[in-house]
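What follows is the residue order along each chain.
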Amino acid sequence: MKDIKRTTVKALLSDPDKYIGSEVDVKGWVRTRRGNKNVAFIALNDGSSIKNVQIVVDFAKIPEESLKEVTTGASLHVQGSAVASQGKGQAIEIQADEIEIYGTASVADYPLQKKGHTLEFLREIAHLRPRTNTFGAVLRIRHSLAYAIHKFFNDKGFYYFHTPLITASDCEGAGAQFQVTTLPLEDLPKGEDGMVDYSQDFFGKMASLTVSGQLEGELGATALGCIYTFGPTFRAENSNTPRHLSEFWMIEPEMAFYEIEDNMDLAEEFVKYCISYALEHNRDDIEFLAEHFDKGLVDRLNFVVENDFVRLPYTEGVKILEESGKKFEFPVYWGVDLASEHERFLVEEHFKKPVILTDYPKEIKAFYMKLNDDGKTVRAMDVLFPKIGEIIGGSQREEDYGKLKQRMEELGLAGMDWYLDTRKFGSVPHSGFGLGFERLVLFVTGMQNIRDVIPFPRYPNNCDF
Ligand code: 4AD
Ligand code: MG
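Source: prediction; values computed, not measured. (Residues numbered from 1 in each chain as written. Chains lettered and ligands numbered in written order. Predicted model: local features only at pLDDT ≥ 70, side-chain atom pairs only at ≥ 80, totals over all residues. Heavy atoms only, no water.)

Enquirer: Which parts of the structure should I look at to understand the pattern of salt bridges?
Expert: Opposite charge on two side chains permits them to pair, given that their charged atoms come into close proximity. One pass over the structure, following the stated rule, counts 27 salt bridges. Between lysine 272 and glutamate 268 there is a salt bridge, with its nearest N and O atoms 2.8 Å apart. Of this pair, lysine 272 and glutamate 268 are both found in helix α6 (residues 260-281), four residues apart, which corresponds to roughly one turn of the helix. Each member of the pair, lysine 272 together with glutamate 268, is buried. For glutamate 410, the salt bridge is made with arginine 407, and the minimal N-O distance between the two is 2.7 Å. Highlighted residues: glutamate 410 and arginine 407, both in helix α11 (residues 401-410), separated by three residues, approximately one helical turn. Through salt bridges with shared partners, one network takes in Asp265, Glu268, Lys272 and Arg311. (Salt bridge = Lys/Arg side-chain N within 4 Å of Asp/Glu carboxyl O. Helix = DSSP H or I, 4+ residues; strand = E, 2+ residues; numbered from the N terminus. Buried < 20%, exposed > 50% of the residue type's maximum accessible area, 1.4 Å probe, protein only.)

Now the structure itself:
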């Protein structure tokens, strides 16, 4: 092999004029191979783009015999001349001078053959599915969205604040935490009351994986002004749905001096920004997914970016649902925690727009939300999206020390004086929300199942790879 600097497939295809007429060096995996007795056409992909570069091998130059192991999945190093392509659908191709096989992929064993595979089957081979066009597209979009999120907040002067993954408090109070312990499970130390003696555990108390970084995020916001977190969260809910994971990533901005309206404005601007960013930077990937899975995808994304979200109090939302005459699987009445079918009815059938539902009954929301003057509802806001349901959950926070303390006592929350201190010393109105990252990726990719938008999904009875 000659000493030529490697070019990515993306670079070659996006600027063909720069390369045509010169010698190039590419490396990647074989997607397909076809040809006749004189030439072989190899579609090579290196992960930089949904598109492949075509390698043309003339058997007069490279004997067919040496290409026996160039099959789908094999990894190659190719050098040759970049030329204008005769074929349709590509501007440039490579006429190979030399091919080195890095690794073969036996046709008998390699599970990803040319024929399409179901998404269910691909979940069983999650260690190889990033090599498919579909997962390549999803994972590139996922990356772009993560980058857009950091860019959005950085440009607005928010600080990336790292909150702990191991915690001794339950932010959402939903009791869906995974416990972290080094105690011997088969021989637990017990106190006189027969209960487990956690003073002997690693942290000297009961600890869990976090369900949200919010509480610590509030400590950051009430010092730095505006912060955001972006990290993994863990929930041990036994929810086998296409929208729940046991391990998912959440983005939680928290802002001092923001009231609920400011919070809604930020949430709306934020998701629109992320979607626009992907539309602009991941066009090829989005169009591939639209073509194969969801013909309405691009229109739906544009629609969300171009339209104002509806803002509606929970009480009015429930009225609309009650008067809809629609038969829901779960009953609707004031006070109920809305199910996904209710949320989707409001968004997809009634308003046909994203909806921000506000002012929920306090009983169905977390302890930290600010109580409204009616004494019954709290300043909550859930952003509901077509096909997804809830994509964001947030609120204005209770900043009044007395009210918050009373609520925590009502709910039996103890050992959180550090949290109450934010209300004791220089308390300020503040707000924040949490965006489920995978739900955003689900929306932007048009995929149907949240297990297909994270490289290695964790859900009940599944912890492979
Ligand atoms: O509504 P949630 O539970 O809100 C909180 O955790 C707040 N502490 C956020 C805040 O105000 N800082 O979760 C926020 C979002 C949901 O709207 C949803 O998008 C996502 O996190 N989410 C999940 N995503 C995937 N799998 C699960 N099991 C999820 N549970 C929540
Ligand atoms: Mg929620």
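Past the structure itself, the notes keep going.
Enquirer: When you look at the domain arrangement of the protein chain in this model, what are you seeing that I'm missing?
Expert: Think of interface size as the accessible area that goes away when the parts come together; that is how it is often given. Taken domain by domain, the protein chain comprises domain 1 (9-103) and domain 2 (129-176 + 211-452). In total, about 650 Å² of surface goes out of reach between domain 1 and domain 2, with carbon and sulfur atoms giving 41% of it. If you sort the residues of domain 1 by the area they bury against domain 2, Trp29, Arg31 and Ile50 come out on top, with a joint share of 71%. In this structure, the connection of domain 1 to domain 2 is made through one salt bridge. One salt bridge in this structure joins aspartate 284 and lysine 51, with 3.5 Å as the shortest N-O distance. The interface formed by domain 1 and domain 2 includes four residue pairs in polar contact (both at pLDDT 80 or more). Grouping the amino acids of the side of domain 1 that touches domain 2 by side-chain chemistry returns two nonpolar, four polar and two charged. (Domains from an automatic or database assignment. Buried area = accessible area lost by both parts, 1.4 Å probe. Polar contact = N/O pair within 3.5 Å; in protein donor to acceptor, adjacent residues only side chain to side chain. Nonpolar A, V, L, I, M, F, W, Y, C, P; charged D, E, K, R; others polar.)

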